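Below, each chain spelled out in residue letters.
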Amino acid sequence: MGIISRGFGGRRRDSAPDLPPGQYLTHDFPVLSAGPTPRIPLDRWSFTITTEAGQKHTWDWARFTALPSEEITRDIHCVTKWSKLGTTWKGVSLDTLFADVETAADYVMAHSKGGYTTNVPLEDLLDGQAWIAYEFDGEPLDPEHGGPARLLIPHLYFWKSAKWVNGLEMMHEDEPGFWEAAGYHMYGDPWHEQRYQGD
Amino acid sequence: MARTALPGRLTWQAATVTAVRQETPSARTLVLDVPGWPGHLPGQHLDLRLTAEDGYSAQRSYSIASDWPGDGPVEITIQRLEDGEVSPYLTDVVETGDKIELRGPIGGWFVWRPAQPAPVLLVAGGSGVVPLMSMIRERGRLRARQPFRVIYSVRTPEDACFADELKRRVRDDAGLDVHFVYTRSAPDGWPAPPKRIDVATINSHGWPPDFAPDVFVCGPTSFVETVADILVALGHDPKKIRTERFGGK
Ligand SMILES: Cc1cc2nc3c(=O)[nH]c(=O)nc-3n(C[C@H](O)[C@H](O)[C@H](O)COP(=O)(O)OP(=O)(O)OC[C@H]3O[C@@H](n4cnc5c(N)ncnc54)[C@H](O)[C@@H]3O)c2cc1C
């Protein structure tokens, strides 16, 4: 336990159930991004998985949204300390997107419009753990929150759920993405409070 | 995007409050003595942790307001949110001599590096001025040549943090220009009625996109969204616009 802050009681306005350490509950949907919000027209949207051999699997908006989708309800945890419980999304499971992808690489770099990247182990994307989400709360996903489509990996800190995602690139070695190179954790498990490098 | 070396482990440490300074009726600066502070770059923040008697704890991020001449205190400036859990404690309860746990510095993107030669535009909404102040102070200390333009949006004149220091620096730091935007009430004799920041403000008081300035925008989320959208619409390269969103609506 840390040193006691004289006269601090905490507010604990929400009798929060199970939150990861250091997190607090919010009912808003705060925004964390490094720059302006890009506006991506649907007719210019595409999503590509590139294997370590350079093979590309690409979907445009029509093909992508024609894939089987799932309703997802999960808690999300942002590294800036807020958590939001029971958020509902609609998206395509990465199991579906990876069905025809042949790869022996263990790591993935997610790429987004604007050049942002984040790294994730492939095993964290498969087996019903991750989606490319395009609806939030029954509405098309807001650009501010990553629309038209973002990666959704609820079991990791939310910066891993790359907004405006447009591609996944397979890698043999784990390499830091944009936030990770700026000091954030390579993996980012909120339950182990892996916020920053070395946590 | 360029790769940088990964920094070392960030551990919690106890800092001592050595002074407090009221900046406005609702914002206060805490001057912190942090033993072994490794130094920081202008724009970085730290995480602060409060712990109650029963072990309950709360963490929040605060930008660093001070520059780093190689040693000395670390300053943070906190705006009180009336219904907040942590900020009212920091603005109203904390006293000189108290200990506060923190770790940092954090963040390698929302950072002004004095080696970057481009002119700089800083756009602040409310307490968003804090990390930008660190940049202004660093520039002043280094006598850096990059011209800085600052647009600072506040509700009323008395809500402006660092007002006297900014006035002094505009006089003394060559190439620093500060323009205030008042959203609720303007000082007597101000040429324009109160208004929110808009295209005209940024067009007249920012740099033209051709100058390829480094732009830093900081404040409440909706403020940052609005300003960043305007900058992009005016033709600024989105890659040159760095944003820090403090939260709120
Ligand atoms: C990287 C970073 C740097 C920051 N730097 C500073 C700083 O230098 N100075 C500073 O005062 N704050 C700063 N903040 C905001 C700070 O971390 C806290 O969010 C803020 O002090 C509110 O905490 P609280 O516990 O008082 O309020 P909470 O109990 O967390 O929230 C109370 C209510 O206020 C809303 N709210 C939260 N944040 C804001 C906001 N910024 N504006 C309006 N409403 C809000 C919440 O949604 C909630 O409804 C920074 C945030 C980040 C992410």
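Now for a description of the structure that goes with this document. Because the structure is predicted, anything quoted here is derived from the model rather than measured.

1. Side note on the sheet that holds strand β8 (residues 148-154) of chain B
All names here are of chain B. With parallel pairing, 5 strands are arranged side by side in an open sheet as β9-β8-β7-β10-β11. Of all the strands in the sheet, just β9 (176-182) and β11 (241-245) have a single pairing partner and so form its edges. Within this sheet the neighbouring strands show an average axis-to-axis angle of 10°, counted without direction. Those strands touched by helix α3 (residues 163-172) are β8 and β9, and its axis lies near 145° from that of β9. Strands β7 (120-125), β8, β10 (214-219) and β11 of the sheet are contacted by helix α5 (residues 221-233), whose axis makes an angle of about 155° with β10.

2. Describing the site of the ligand
Taken together, the neighbourhood of the ligand is formed by 25 residues, with Asp28 of chain A together with Ser61, Tyr62, Val86 and Ser87 of chain B sitting nearest. Measuring from an oxygen atom of the ligand, one finds a backbone N or O atom of Val86 of chain B at 2.7 Å. Within the backbone of Phe246 of chain B, one N or O atom sits 3.3 Å away from a nitrogen atom of the ligand. Notes on the ligand: free accessible area 920 Å², of which the protein chains cover 85%. For the shell around the ligand, the secondary structure elements donating two or more residues are β4 (57-63), β5 (74-79), α1 (87-93) and β11 of chain B. The greatest single-element share of the shell around the ligand, amounting to 4 residues, is contributed by β4 of chain B. The residue makeup of the shell around the ligand, split by class, is 8 nonpolar, 10 polar and 7 charged. Here the shell around the ligand spans two domains, since at least three of its residues come from each of domain 1 (13-106) and domain 2 (120-245) of chain B.

3. Focus: the pattern of salt bridges
Taken as a whole and judged by the stated rule, the model has 23 salt bridges over all chains. The salt bridge partner of Arg6 of chain A is Glu95 of chain B, with a shortest N-O separation of 4.0 Å. Here Glu95 of chain B lies in the loop between α1 and β6 (99-106) and Arg6 of chain A lies in the segment before β1 (24-25), a pairing that spans two chains. Residue classification places Arg6 of chain A among the partly exposed positions, given a relative accessible area of 40%. Among the salt bridges present, the one from Lys81 of chain A reaches Asp47 of chain B, with a minimum N-O distance of 2.9 Å. You can see Lys81 of chain A sitting in the loop between β4 (70-77) and β5 (82-93) and its partner Asp47 of chain B sitting in strand β3 (residues 45-51), one on each of two chains. Across the pair, exposure class does not vary: Lys81 of chain A and Asp47 of chain B are buried alike. Three or more residues are tied together by salt bridges with common partners; here these are Arg137, Glu165, Arg169 and Asp173 of chain B.

What counts and what doesn't
Residues numbered from 1 in each chain as written. Chains lettered and ligands numbered in written order. Predicted model: local features only at pLDDT ≥ 70, side-chain atom pairs only at ≥ 80, totals over all residues. Heavy atoms only, no water. Pairing = 2+ DSSP bridges. Helix = DSSP H or I, 4+ residues; strand = E, 2+ residues; numbered from the N terminus. Axes fitted to C-alpha atoms, helices over the stretch in contact; angles between N-to-C directions. Contact = heavy atoms within 4.5 Å. Near = heavy atom within 4 Å. Polar contact = N/O pair within 3.5 Å; in protein donor to acceptor, adjacent residues only side chain to side chain. Areas by Shrake-Rupley, 256 points an atom, 1.4 Å probe, with all protein chains shown as cover. Nonpolar A, V, L, I, M, F, W, Y, C, P; charged D, E, K, R; others polar. Domains from an automatic or database assignment. Salt bridge = Lys/Arg side-chain N within 4 Å of Asp/Glu carboxyl O. Buried < 20%, exposed > 50% of the residue type's maximum accessible area, 1.4 Å probe, protein only.

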